[in-house]
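The lines below spell out each chain.
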Amino acid sequence: MFDFLTDKLDNIISKVKGYGTITEENISEMTREIRLALLEADVNYKIVGEFVNSVKEKALGEEVKKSLKPGEVFASIIRNELINLLGSESSPLIIKNGITIVLMSGLQGSGKTTTVGKLGNYVRKKYNKRPLFIACDVYRPAAIDQLVSLGKSLNIEVYEEGKGNAVEIAKRGVEYAKNNGFDYVLIDTAGRLQIDETLMEELQNISESVHPDETLLVIDAMMGQDGVNVITGFNEKLTLTGCILTKMDGDTKGGVALSLRHLTNIPIKLIGDSEKLDGLSEFVPTRIADRILGMGDIVRVAEKASEVINEEEAKEAAKKMKKGSFDLEDFLKQMKQIKKLGPLENLIKLLPGAKKMGLNNIEIDPKIMARTEAIILSMTPYERRHPEILKASRKQRIATGSGTKVEEVNRLLNQFEQMKIMMKNLTNGNMKFPF
Ligand SMILES: Nc1nc2c(ncn2[C@@H]2O[C@H](COP(=O)(O)OP(=O)(O)OP(=O)(O)O)[C@@H](O)[C@H]2O)c(=O)[nH]1
Ligand SMILES: [Mg+2]
């Protein structure tokens with residue numbers, strides 16, 4: 001997402017780490033490089049100027065000169081300045097004890113409807129909320145169907161009246177939510193331009209009639225700095241509580257995420273980074289700064305994992321690993337959970353140091369996992385629990401059943417044995433993790 005900036009800043013910081021001492025001259029050179037990198041990443045030029053001056057001033061300070069590790073100090077100056085720029089205090093979602101009403105707004109195609117789905121899913125998992133979607137896009141044909149099918153796939157109810165008056169629908173939808181025990185209401189609206197008087201008035205009317213706790217603007221990261229005008233335009237009419245930057249997985253160099261807060265004073269609350277319904281994360285400045293600096297986002301990894309991993313099963317598996325009784329049946333269960341996490345490459349990229357270890361471009365062949373699964377599924381449950389009984393004829397049967405070769409079955413069994421020994425050692429503290 002921030003690959004471009006990560007590469008550039010990493011190069012610059014590595015260079016500084018190579019210097020024994022820091023001089024005014026090499027600080028000037030570094031800040032010039034930072035300036036170019038930020039401009040190229042589409043950060044607003046005024047912000048770039050302020051950022052670079054501030055880094056320079058701090059880098060020239062006594063602390064860096066005296067430090068034995070100037071590179072480290074320099075890196076931490078950049079990190080702090082990035083956090084400042086991103087808004088040092090994060091602006092979490094508003095989650096009320098009772099009902100929370102959220103109005104979504106934005107230009108056409110910015111990702112409003114998709115984000116309604118993502119956000120409903122997110123608050124249900126993270127805050128245990130019971131969401132309701134209200135379909136207020138009464139203009140685009142098929143807009144209501146889109147929301148209804150999204151609701152169906154997530155098992156979230158949608159309040160809709162077909163085409164009609166958006167203000168009235170919003171009002172009745174909120175009433176419906178209050179009367180039926182929903183506690184997080186997401187109002188999906190039609191896309192509109194901030195200069196379209198009639199449609200902007202409609203949004204204002206919806207807002208006045210339902211009094212939303214949160215009014216979010218959904219904005220496509222690809223818009224780059226033009227996003228500033230959109231935010232300002234919508235904010236004049238609506239008083240936004242925040243914006244959501246979508247399509248951060250696209251072809252953007254990410255600079256927009258660094259510019260918006262500073263130029264508009266409206267916090268970015270969430271970012272969307274995939275078309276899928278779990279592609280949403282909270283925008284926490286320290287975590288974003290760490291991502292930009294290639295330090296990963298371990299919190300996001302944990303969040304994703306906790307969404308799919310069954311805690312009881314995980315504890316049970318850990319116990320078995322410790323005892324050395326972890327068998328192929330358990331392995332199969334673990335594999336199924338891992339599969340739910342989506343492509344592993346996306347997760348690995350978020351691990352601290354992934355880039356340094358060359359893991360950010362790793363490709364994991366889903367076929368290998370599928371073959372492993374097919375082999376285990378071709379075993380009987382008894383064989384999975386007692387792989388030691390697998391001799392030639394059984395192996396042949398398994399290979400045929402899974403469309404693989406006996407050598408592959410053997411390889412899997414050997415790897416599994418080694419893994420079991422390693423797991424036992426690791427969990428009993430006889431061995432250190434290799435990192
Ligand atoms: N890659 C990517 N695509 C996204 C993301 N968010 C939305 N999209 C895609 O953007 C397109 C438009 O999304 P919608 O949610 O329909 O946008 P909208 O703002 O509701 O559009 P209108 O209702 O027509 O104004 C769809 O193809 C989505 O899959 C994202 O974070 N990443
Ligand atoms: Mg829509």
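What you are looking at is a predicted structure, and each value in this text was computed from that prediction instead of being measured. (Residues numbered from 1 in each chain as written. Chains lettered and ligands numbered in written order. Predicted model: local features only at pLDDT ≥ 70, side-chain atom pairs only at ≥ 80, totals over all residues. Heavy atoms only, no water.)

Draft legend 1. Seen up close, helix H15 (residues 328–340). Taking 1.5 Å of rise per residue, 13 residues should cover 18 Å, and H15 covers 19 Å from first to last C-alpha, within 8% of that figure. Restricting attention to buried positions, one finds in H15 the residues Leu328, Glu329, Asp330, Phe331, Leu332, Met335 and Gln337. Its side-chain oxygen 3.0 Å from the backbone nitrogen of Glu329, Asp327 forms the N-cap of H15. Remark: Gly342 follows H15 within two positions and exhibits a positive phi of approximately 85 degrees. (Helix = DSSP H or I, 4+ residues; strand = E, 2+ residues; numbered from the N terminus. Expected span 1.5 Å × (residues − 1). Buried < 20%, exposed > 50% of the residue type's maximum accessible area, 1.4 Å probe, protein only. Polar contact = N/O pair within 3.5 Å; in protein donor to acceptor, adjacent residues only side chain to side chain.)

Draft legend 2. Summary view of the site of ligand 1. The environment of ligand 1 is made up of 19 residues, and the closest members are Gly111, Lys112, Thr113, Thr114 and Asp249. Contact between ligand 1 and Gly111: an oxygen atom at 2.8 Å from a main-chain N or O atom of the residue. Between ligand 1 and Lys112, the relevant distance is 2.7 Å, taken from an oxygen atom to a side-chain nitrogen or oxygen of the residue. Across the complex, the protein chains shield 81% of the 650 Å² of accessible surface that ligand 1 would expose by itself. Of the residues forming the shell around ligand 1, the biggest block, four residues, is contributed by helix H6 (residues 112–127). Partitioning the shell around ligand 1 into residue classes produces one nonpolar, ten polar and eight charged. (Near = heavy atom within 4 Å. Areas by Shrake-Rupley, 256 points an atom, 1.4 Å probe, with all protein chains shown as cover. Nonpolar A, V, L, I, M, F, W, Y, C, P; charged D, E, K, R; others polar.)

Draft legend 3. Just the confidence of the model for the chain, in detail. In this model, the chain carries an average pLDDT of 86, and 88% of its residues clear a pLDDT of 70 or more. Contacts from residues 431–435, a stretch scored under 50 in pLDDT, to residues over four places away or in other chains number five contacts. (pLDDT = per-residue confidence, 0-100. Contact = heavy atoms within 4.5 Å.)

Draft legend 4. Geometry of helix H2 (residues 24–40). With 17 residues, H2 extends 24 Å from end C-alpha to end C-alpha; this agrees with the ideal 24 Å at 1.5 Å per step. Elements that come into contact with the buried residues of H2 comprise helix H1 (3–18), helix H3 (45–59), helix H5 (70–87) and helix H11 (255–264). With its phi angle positive at about 75 degrees, Asp42 sits one or two positions after the end of H2.

Draft legend 5. Main features of the pairing of strand E7 (residues 268–272). In terms of residue burial, E7 counts as a mostly covered element, since five of its five residues are buried. Pairing of strand E6 (residues 242–246) with E7 involves three bridges; the strand directions are parallel. What sits directly across from Cys243, in E7, is Ile268. (Pairing = 2+ DSSP bridges.)

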